[in-house]
Amino acid sequence: MKKLYYLLIMIWCSTIFSAQAQTVIKGTVYGAADELPVPGAAVVPSGNTNQGTVTDMDGNFSLEVSDRSGTLTISFIGMQSQTLDYDGNAELKVYLEESLLDMDEVVMIGYGTSRRENLTSSVSSVSGLDKINSRPVTNLNDFLQGSVPGVTVLQQGGDPSQEGLIVIRGIGSLSDERPLTVVDGMPYYGPPINPNDIESVSILKDASAAAIYGAQAASGVIVIKTKEGAYGKPVVTFDVYSGIQQASNLPTPLNAQQQADVYNLAADNAGAARQAAHDASQNPWGQVTRTNWMEEIFRSASVHSANVNISGASETANYMGSFGYLNKEGLLQGTEFERYAFRLKTDFHLSDKVTIGENIYFTRSNSVGTNSSSSYSGSIISALYMPSAAPVYDENGVFHGVVPYELSQFAGTYGDVYNPMGLLLRPTSNNPVSNLNSNTYLNYEIIPGLSFRSTFSYNLNMTNSKQFNPRIPELGRTNLQNYLYQGNSNTQRWIWDNQVSFQRRFGLHDLNVTAVYSSQFTKSESYFQEGRGFSSEEPFNQYMSNAEEFLTPTTGVYEDALTSAIGRVMYNYDDKYFIAGSVRRDETSRLAIQNQSSVFPAVSGAWKISGEDFFNAPSVNILKLRASWGQIGNINSVGYYSFDVPLGTQTVILGQDASLDYRAVYANRQSNPDLKWEISESTNIGLDAGLFNNKIDLTLDYFIKTTKGMILPGLEDLHQGTTAADVNGGEVRNSGLEFSAGYFTQVGEFNIAARGNFSVINNELINLDGYNKSNIDFIAHSDEVRSTLYPYRSEVGQSLYSTFLVPYEGIFQNQAEIDAHVKDGTLIQPNAQPGDFKFTDVNDDGKITDEDKVFMESYLPDFTYGFNLSLDYKRFDLSMILQGVAGVKVFNGYKYTALNASQSGYNLDNRVLDAWTPENTDTDIPRLSTKDDNRNFGTASSWYLEEASYLRMKNLTIGYTLPQQLLQKVGKDSSLRVYFSTENLFTITKYSGMDPEVGGKGMDVGRYPLPKTFTAGLSLTL
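The sections below set out a description of the structure shown in this document. (Residues numbered from 1 in each chain as written. Predicted model: local features only at pLDDT ≥ 70, side-chain atom pairs only at ≥ 80, totals over all residues. Heavy atoms only, no water.)

A sheet is described by the order of its strands in space; here four strands give the open sequence β40-β41-β42-β47, paired in antiparallel fashion. Each edge of the sheet is formed by a strand with only one pairing partner; in this case those strands are β40 (778-780) and β47 (854-856). Neighbour-to-neighbour, the strand axes of this sheet turn through a mean angle of 40°, independent of strand direction. As defined by bridge partners, strand β42 (residues 802-805) adjoins β47 across three bridges and the pair is classed as antiparallel. Paired with T803 across the strands is M856, a residue of β47. (Pairing = 2+ DSSP bridges. Helix = DSSP H or I, 4+ residues; strand = E, 2+ residues; numbered from the N terminus. Axes fitted to C-alpha atoms, helices over the stretch in contact; angles between N-to-C directions.)

Structure, rendered in structure tokens:
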């Protein structure tokens, strides 16, 4: 770092000694189409954003620069940038052409910006953000789906309390892989940003681009710039929409008579006695259908959003204030999400050299979700289990059980199932989250081209949760205890960045040097309490002090510190040859002292072939070759005290009469002081092209992203009796290809913009070196279905979380086929009957066991793609997004109980009516039986694995902007756009479940589906 500081001092000194008299450049900027002045256009000398200015209301500008000659870049959103030469004092007239594609676009990178055509690393800009206020998206994650190659959003279903997980260029770790979010130059750890506040988004995908953010950027970086005021009078914008959400492709349970008939047939096939509850003469109540439980728990849910934005700027100040409100009901009864968001952003130019500013963002949200991932008590699976004969409420208006109390002798026949409406509506739940994020900065231009910026960020997150679960008296899964769960957490984080930037052009040489020292500190504390035994369940009694029994409270506390020193140099010669390099030293409190710090380098370069004299292809405007390499440490994979020996506490019974309770302290897990940083290393080769006056742009990238020293829980040493410590135990490689293409043109009054992208990713576990000393080359994952099916394993040479299953060959159609399935004259499946599954004896040992499992495909997509289309004609606009994935396999664990009559008597999916019989052999559903002797369902087989590739109409929006003359009475420059929008209009897939986007690792036991959404709204600008 000393060398870097010396370099900056030398540059500063040389600049002072070579300083010349100030040169004044004046001019006016016009739009080429209408020749009207363009207010708010940026005027930047030689790419130096710290020395630039903006045009006034009449399009005029005046700028003092230190160099007598050089270049000016004039840019404005939606217009082609121009770079002009100047020599001495000058007065210019500049005409900007309209553009749908601008290779001169300024994109956000780490701690700065860059012209798109000067990028040396893999950075993608998100298009279509001007329409984000027309879509009912809760957060940016929903908007990103299908927009950027190499970026996959793993939706966690349609639960309004959950948000999708963004994965950039594949999964490289078993730990937290969430990308770092940077908002207006500072890392951001709060709740999702209000989409209406977002102006632009860049995705830093390779290590060279993200390395400057170091320890938290191993999974990529999402750089967000929020809106700010434009020069001129205050502008007020109102954005409002309302709509309805609907579920589709829901399963259909058996009606009451069908359930009785199915279980009677299953008993006959098993050679067992029929149950009295399914005998119409003994239990006529059980033959009458009273409820379609799927129709009861799902609803047409509303969504409402309102946003107000006030912004403006003068020569000395810039301001923006916004308020947003969102209320979104869930598709399932009782679920919802509500958010209030407020932002205030200002910049003040105290002098030509000093600028200060602040950005305050406050949100208050409350969400109520539900569990749809449990195969025992998930809300949707419970609606399948519940008998159709049961009503929702009894004659007293309370939730009904599986049978009336007077028929309690039949209750056991229907299984231990919750009333699903009671499961959703009975608990009283409140989960408010308040978050305050504040950034303040000071920017001082020391001399032209050399500036200092100090930014301080503070984030306060306060979470409260309170849920009261009343007694469940009805027959089924009865529970006569009531519970109150209450907890809170408080997390404070501050970040202080101090940055020195130097940018100067010397003839054909363009140099940009950045040095940053960053420090951050986090302190968090949480408390959780459970109380039981409330005599009254009225709201006024649902407080912890009214409990009869208090469980031992649990607390959590941690402190976390990270300091970083960063240096980066970007240089280009003659706008043809580009090179950039960065070094970052991170030091964390999460590791033992000897391993706390590490250095992570990155380097990248580019060659603009189209700038060479020998290049003569009029149809090719830009042709650039890029290459990059870099390393980043992944702090997110390291526990806060991973190197230490955490202690646990437990209540024990001691004393002669076993009547005394004592708190015992014990070593909870083993320590590992040798734990080191998990490192993400990536190599990227890319090609950028702009064709036919930049009407077509192409980007192609090939990458290899390798995670080294992967941190994962080690294997337990049973001799010590404690949980194993984390270890550096493996290497994961993601390699792939990304491609995007855009086409932009004008045909008469039609503006057409189309963009498509695809990416291919291959994920592989290279080794597990360091995982253990027993030569075990796999990780057995604990994900399961009803403690019976364990379908996932990560093994060297395979993808992470690959499915590990017994091959399913089909259904035995007759006894002869069973007799032919032998090993050395012995039946391989001796308990099989016609209609049962045939499995492959992979290891040829004459029986079907877990030893016959083989690796199959995973939920990680082999191929992702998206297509965006935007059309404008006069005042009409239309936009469309198609998004899809291929090579995706979902483990459909829903079938384990939904089609299995050998469980606890639960109701089943009506697809069992197509189960195998001697008369119905063209099916893949085995024969009905109350016994699973052949383990048709109890075997984790490839029968559960389903193709879940899909093509989805993610969004379709149609809008109309009213003629301005109709709004003259409202305001001279006002505009009004009305629109209609749909989300998830249709999905083309072979998957038999409700929704192919099941999230997680790809296990579906009745996951909350994504809704179809229909909204109408308006955007008014005054």
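Taken as a whole, this structure holds ten cavities of 30 Å³ or more when the rule is applied. Taken as a whole, the largest cavity spans an internal volume of roughly 330 Å³. Considering the residues around the largest cavity, the lining is formed by 24 residues, among which T138, D142, Q155, K328 and L1010 are closest to the centre. Grouping the constituent residues of the lining of the largest cavity by class yields six nonpolar, eleven polar and seven charged. If you add up the space inside the second largest cavity, you get close to 180 Å³. Lining of the second largest cavity is provided by 24 residues; of these, Q145, T152, Q883, V885 and Y950 occupy positions nearest its centre. Within the residue set of the lining of the second largest cavity, elements represented by two or more residues are β11 (151-154), β39 (750-767), β48 (863-873) and β49 (876-886). Partitioning the lining of the second largest cavity into residue classes produces 13 nonpolar, ten polar and one charged. (1 Å grid on protein atoms, 1.4 Å probe; cavity = no way out; pocket = protein on both sides within 12 Å on 5 of 7 lines; lining within 4 Å. Points joined across faces, edges and corners; volume = space filled by probe spheres on them. Nonpolar A, V, L, I, M, F, W, Y, C, P; charged D, E, K, R; others polar.)

Further remarks concern the pairing of strand β23 (residues 432-447). Here strand β21 (residues 354-368) pairs with β23 via 13 bridges, running antiparallel. Counterpart to G357 in the pairing with β23 is Y441. With antiparallel pairing between neighbouring strands as the criterion, β23 and strand β24 (residues 450-469) make up a hairpin whose turn holds two residues, including G449 at a positive phi of roughly 95°.

So, about helix α4 (residues 256-270). Here α4 contains 15 residues, and its C-alpha end-to-end distance of 21 Å stays within 8% of the 21 Å for a straight helix at 1.5 Å per residue. The complete set of buried residues in α4 reads A256, Q259, A260, V262, Y263, N264, A266, A267 and A270. Sitting at the amino-terminal end of α4 is N255, which places a side-chain oxygen 3.3 Å from the backbone nitrogen of Q257. Looking one or two residues beyond α4, the residue adopting positive phi is G271, at roughly 70°. (Expected span 1.5 Å × (residues − 1). Buried < 20%, exposed > 50% of the residue type's maximum accessible area, 1.4 Å probe, protein only. Polar contact = N/O pair within 3.5 Å; in protein donor to acceptor, adjacent residues only side chain to side chain.)

A separate point is the packing of aromatic side chains. Taken as a whole and assessed by the stated rule, the structure comprises 26 aromatic pairs. Pairing Y483 with Y485 gives two aromatic rings, centres 5.9 Å apart and planes at 5°, and the pair type is stacked. Y483 gets classed as buried once you look at its relative accessible area, which sits at 16%. You can call Y485 partly exposed: its relative accessible area is 24%. A centroid spacing of 6.4 Å and a plane angle of 35° characterise the contact between W494 and F521, whose relative ring orientation is tilted. Residue W494 is located in strand β25 (residues 483-506), and its partner F521 is located in strand β26 (residues 509-532); the two are separated by 27 residues in the primary sequence. Note on F521: relative accessible area 26%, which makes it partly exposed. Three or more aromatic residues joined by ring pairs form one cluster here, namely Y808, F837, F839, F891, F937, W943 and Y944. In this arrangement the basic side chain of K895 is found over the ring face of W943, its NZ or CZ atom lying 4.1 Å from the centre. Note that R952 overlies the ring of Y950, its terminal NZ or CZ placed 5.4 Å from the centroid. (Phe/Tyr/Trp six-rings, centres within 6.5 Å; stacked < 30°, edge-to-face > 60°. Lys NZ or Arg CZ within 6 Å of the ring centre and 35° of its normal.)

Purely geometric stuff here, so don't read any function into it on its own.
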